[in-house]
Amino acid sequence: KESFASDAVRNISILTLDENAYKIIGYGSQRLRNFETIEAEDYQNVRMHFSTGYYVNYDEPDVKTFVFQFRALYGAEPNTYAFLGHDVASYFLESLNSYGRNFIYYLEGHPSKMMQSNLQLHRKENGGLMNEATINIVYQPDYRIEVQ
(Lines give C-alpha, C1' and ligand atoms only; values in the text may rest on other atoms or scores of the structure.)
Protein backbone atom coordinates (compact mmCIF):
# COMPACT_ATOMS: atom_id res chain seq x y z
CA LYS A 1 0.00 0.00 0.00
CA GLU A 2 1.20 3.48 -0.86
CA SER A 3 0.41 4.95 2.58
CA PHE A 4 2.51 2.31 4.39
CA ALA A 5 5.41 2.66 1.96
CA SER A 6 5.32 6.45 2.19
CA ASP A 7 5.40 6.37 6.01
CA ALA A 8 8.19 3.78 6.06
CA VAL A 9 10.43 5.64 3.61
CA ARG A 10 9.82 8.99 5.35
CA ASN A 11 10.58 7.53 8.81
CA ILE A 12 13.74 5.81 7.59
CA SER A 13 14.77 9.05 5.88
CA ILE A 14 14.42 10.91 9.18
CA LEU A 15 16.76 8.38 10.83
CA THR A 16 19.46 9.20 8.27
CA LEU A 17 19.49 12.93 8.98
CA ASP A 18 21.84 12.47 11.95
CA GLU A 19 25.10 11.51 10.20
CA ASN A 20 26.43 9.79 13.33
CA ALA A 21 23.34 7.68 14.02
CA TYR A 22 22.53 5.38 11.11
CA LYS A 23 24.12 4.52 7.79
CA ILE A 24 21.16 3.21 5.82
CA ILE A 25 20.84 2.09 2.21
CA GLY A 26 17.32 1.34 1.03
CA TYR A 27 16.28 -1.28 -1.50
CA GLY A 28 12.86 -1.27 -3.03
CA SER A 29 10.60 -2.43 -5.78
CA GLN A 30 10.20 -0.39 -8.95
CA ARG A 31 6.56 0.15 -7.89
CA LEU A 32 7.73 2.57 -5.16
CA ARG A 33 8.94 5.01 -7.82
CA ASN A 34 5.34 5.40 -9.03
CA PHE A 35 3.97 6.40 -5.63
CA GLU A 36 3.20 10.12 -5.68
CA THR A 37 3.24 10.63 -1.90
CA ILE A 38 6.92 9.73 -1.45
CA GLU A 39 9.26 12.70 -1.73
CA ALA A 40 12.34 12.33 -3.93
CA GLU A 41 14.40 13.83 -1.08
CA ASP A 42 13.52 10.84 1.09
CA TYR A 43 14.90 8.52 -1.60
CA GLN A 44 18.07 10.62 -1.67
CA ASN A 45 18.46 10.45 2.11
CA VAL A 46 18.26 6.65 2.23
CA ARG A 47 20.32 6.21 -0.95
CA MET A 48 17.45 4.17 -2.37
CA HIS A 49 18.24 1.40 -4.86
CA PHE A 50 15.65 0.17 -7.35
CA SER A 51 16.06 -2.74 -9.73
CA THR A 52 14.06 -2.65 -12.92
CA GLY A 53 13.95 -4.39 -16.25
CA TYR A 54 14.00 -1.16 -18.22
CA TYR A 55 14.91 2.49 -17.78
CA VAL A 56 15.92 5.15 -20.29
CA ASN A 57 18.81 7.36 -19.17
CA TYR A 58 18.37 10.52 -21.23
CA ASP A 59 21.88 11.69 -20.31
CA GLU A 60 23.47 8.97 -22.47
CA PRO A 61 24.78 10.20 -25.85
CA ASP A 62 23.22 7.26 -27.75
CA VAL A 63 19.82 8.02 -26.25
CA LYS A 64 20.07 11.71 -27.15
CA THR A 65 20.97 10.84 -30.74
CA PHE A 66 18.09 8.37 -31.00
CA VAL A 67 15.60 10.89 -29.59
CA PHE A 68 16.71 13.63 -32.03
CA GLN A 69 16.55 11.25 -35.00
CA PHE A 70 13.16 9.88 -33.93
CA ARG A 71 11.74 13.41 -33.57
CA ALA A 72 13.07 14.40 -36.99
CA LEU A 73 11.65 11.31 -38.68
CA TYR A 74 8.28 10.98 -36.94
CA GLY A 75 7.62 14.43 -35.45
CA ALA A 76 6.92 12.88 -32.02
CA GLU A 77 8.64 11.75 -28.85
CA PRO A 78 9.81 8.12 -28.71
CA ASN A 79 7.87 6.00 -26.23
CA THR A 80 8.78 2.77 -24.45
CA TYR A 81 7.95 0.70 -27.52
CA ALA A 82 10.17 2.82 -29.77
CA PHE A 83 13.16 2.20 -27.47
CA LEU A 84 12.27 -1.47 -27.10
CA GLY A 85 11.94 -1.96 -30.85
CA HIS A 86 15.27 -0.26 -31.48
CA ASP A 87 17.04 -2.23 -28.75
CA VAL A 88 15.72 -5.64 -29.75
CA ALA A 89 16.19 -5.10 -33.49
CA SER A 90 19.74 -3.79 -32.99
CA TYR A 91 20.69 -6.66 -30.70
CA PHE A 92 19.45 -9.44 -32.94
CA LEU A 93 20.59 -7.87 -36.21
CA GLU A 94 24.10 -7.34 -34.78
CA SER A 95 24.09 -10.96 -33.54
CA LEU A 96 22.97 -12.19 -36.94
CA ASN A 97 25.68 -10.14 -38.61
CA SER A 98 28.38 -11.40 -36.21
CA TYR A 99 27.45 -15.08 -35.96
CA GLY A 100 25.47 -15.82 -39.12
CA ARG A 101 22.36 -17.97 -39.45
CA ASN A 102 23.13 -19.96 -36.27
CA PHE A 103 23.43 -16.84 -34.11
CA ILE A 104 20.91 -18.20 -31.59
CA TYR A 105 23.54 -20.63 -30.27
CA TYR A 106 25.95 -17.81 -29.43
CA LEU A 107 23.69 -15.48 -27.46
CA GLU A 108 24.10 -17.04 -24.02
CA GLY A 109 26.68 -15.36 -21.83
CA HIS A 110 27.14 -12.29 -24.04
CA PRO A 111 25.72 -9.38 -22.02
CA SER A 112 24.55 -6.32 -23.89
CA LYS A 113 23.81 -2.83 -22.57
CA MET A 114 21.15 -1.12 -24.63
CA MET A 115 19.29 2.19 -24.41
CA GLN A 116 16.29 1.01 -22.41
CA SER A 117 17.24 -2.40 -21.05
CA ASN A 118 20.11 -4.81 -20.67
CA LEU A 119 20.35 -8.35 -21.95
CA GLN A 120 22.10 -11.26 -20.34
CA LEU A 121 20.58 -14.41 -21.75
CA HIS A 122 20.84 -17.78 -20.04
CA ARG A 123 19.65 -21.07 -21.46
CA LYS A 124 16.86 -22.79 -19.54
CA GLU A 125 16.15 -26.51 -19.18
CA ASN A 126 13.56 -26.40 -21.95
CA GLY A 127 16.19 -25.04 -24.36
CA GLY A 128 14.81 -21.51 -24.42
CA LEU A 129 16.65 -18.37 -23.36
CA MET A 130 15.73 -16.07 -20.49
CA ASN A 131 16.97 -12.54 -19.89
CA GLU A 132 18.34 -12.22 -16.36
CA ALA A 133 19.74 -8.69 -16.58
CA THR A 134 18.43 -5.76 -14.58
CA ILE A 135 19.12 -2.07 -14.38
CA ASN A 136 19.82 -0.56 -10.98
CA ILE A 137 18.69 2.99 -10.25
CA VAL A 138 20.48 4.55 -7.27
CA TYR A 139 19.46 7.82 -5.63
CA GLN A 140 22.57 9.59 -4.29
CA PRO A 141 22.64 12.01 -1.33
CA ASP A 142 23.94 14.79 -3.63
CA TYR A 143 20.66 14.59 -5.62
CA ARG A 144 22.13 12.66 -8.55
CA ILE A 145 20.43 9.55 -9.87
CA GLU A 146 22.89 6.92 -11.07
CA VAL A 147 21.99 4.19 -13.50
CA GLN A 148 24.06 1.04 -13.07
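About the thresholds
Residues numbered from 1 in each chain as written. Predicted model: local features only at pLDDT ≥ 70, side-chain atom pairs only at ≥ 80, totals over all residues. Heavy atoms only, no water. Pairing = 2+ DSSP bridges. Helix = DSSP H or I, 4+ residues; strand = E, 2+ residues; numbered from the N terminus. Right-handed = clockwise from strand over helix to strand, strands pointing away. Patch = residues over 30% accessible without salt bridge, like charges linked within 9 Å, V, L, I, M, F, W, Y side chains within 5 Å. Areas by Shrake-Rupley, 256 points an atom, 1.4 Å probe, with all protein chains shown as cover. Salt bridge = Lys/Arg side-chain N within 4 Å of Asp/Glu carboxyl O. Buried < 20%, exposed > 50% of the residue type's maximum accessible area, 1.4 Å probe, protein only. Contact = heavy atoms within 4.5 Å. 1 Å grid on protein atoms, 1.4 Å probe; cavity = no way out; pocket = protein on both sides within 12 Å on 5 of 7 lines; lining within 4 Å. Points joined across faces, edges and corners; volume = space filled by probe spheres on them.

Caption draft 1: Representation of the pairing of strand β2 (residues 49-52) in the model. Bridge count for strand β1 (residues 27-28) against β2 is two bridges, and the pairing is parallel. Paired with Y27 across the two strands is H49, which belongs to β2. Crossover handedness for the path β1 to helix α2 (residues 40-45) to β2: right-handed. Pairing between β2 and strand β7 (residues 135-139): four bridges, direction antiparallel. Bridging from a neighbouring strand, S51 pairs with N136 of β7.

Caption draft 2: Molecular detail of a nonpolar patch on the surface. On the surface, Y81, L84, V88 and F92 cluster together into a nonpolar patch covering about 380 Å² of accessible area. The residue Y81 is located in helix α4 (residues 80-99) in this model. What makes Y81 exposed here is its relative accessible area of 64%.

Caption draft 3: Seen up close, the sheet that holds strand β8 (residues 145-147). Sheet architecture is open: four strands sit in the order β1-β2-β7-β8, paired in mixed fashion. Each edge of the sheet is formed by a strand with only one pairing partner; in this case those strands are β1 and β8.

Caption draft 4: Representation of the environment of V9. Positionally, V9 belongs in helix α1 (residues 2-16). If we ignore the near neighbours within four places in the chain, the residues touching V9 are I38, D42, Y43 and M48.

Caption draft 5: Fine view of the layout of surface pockets. Here the largest pocket defines a volume of roughly 490 Å³. Taken together, 24 residues line the largest pocket, and the ones lying closest to its centre are D87, S112, K113, M114 and M115. Taken together, the elements giving at least two residues each to the lining of the largest pocket come down to α3 (61-74), α4 and β3 (112-113). For the lining of the largest pocket, the leading source of residues is α4, giving eight residues.

Caption draft 6: Spotlight on the pattern of salt bridges. This structure, assessed with the given rule, holds five salt bridges. Taking the shortest distance from any N to any O, the salt bridge between D7 and R10 comes out at 2.6 Å. Pair noted here: D7 and R10 are both in helix α1, with a separation of three residues, about one helical turn. Here R10 falls in the partly exposed class, since its relative accessible area comes to 36%. D142 is paired through a salt bridge with R144; the nearest N and O atoms lie 2.8 Å apart. The class for R144 is partly exposed, based on a relative accessible area of 41%.

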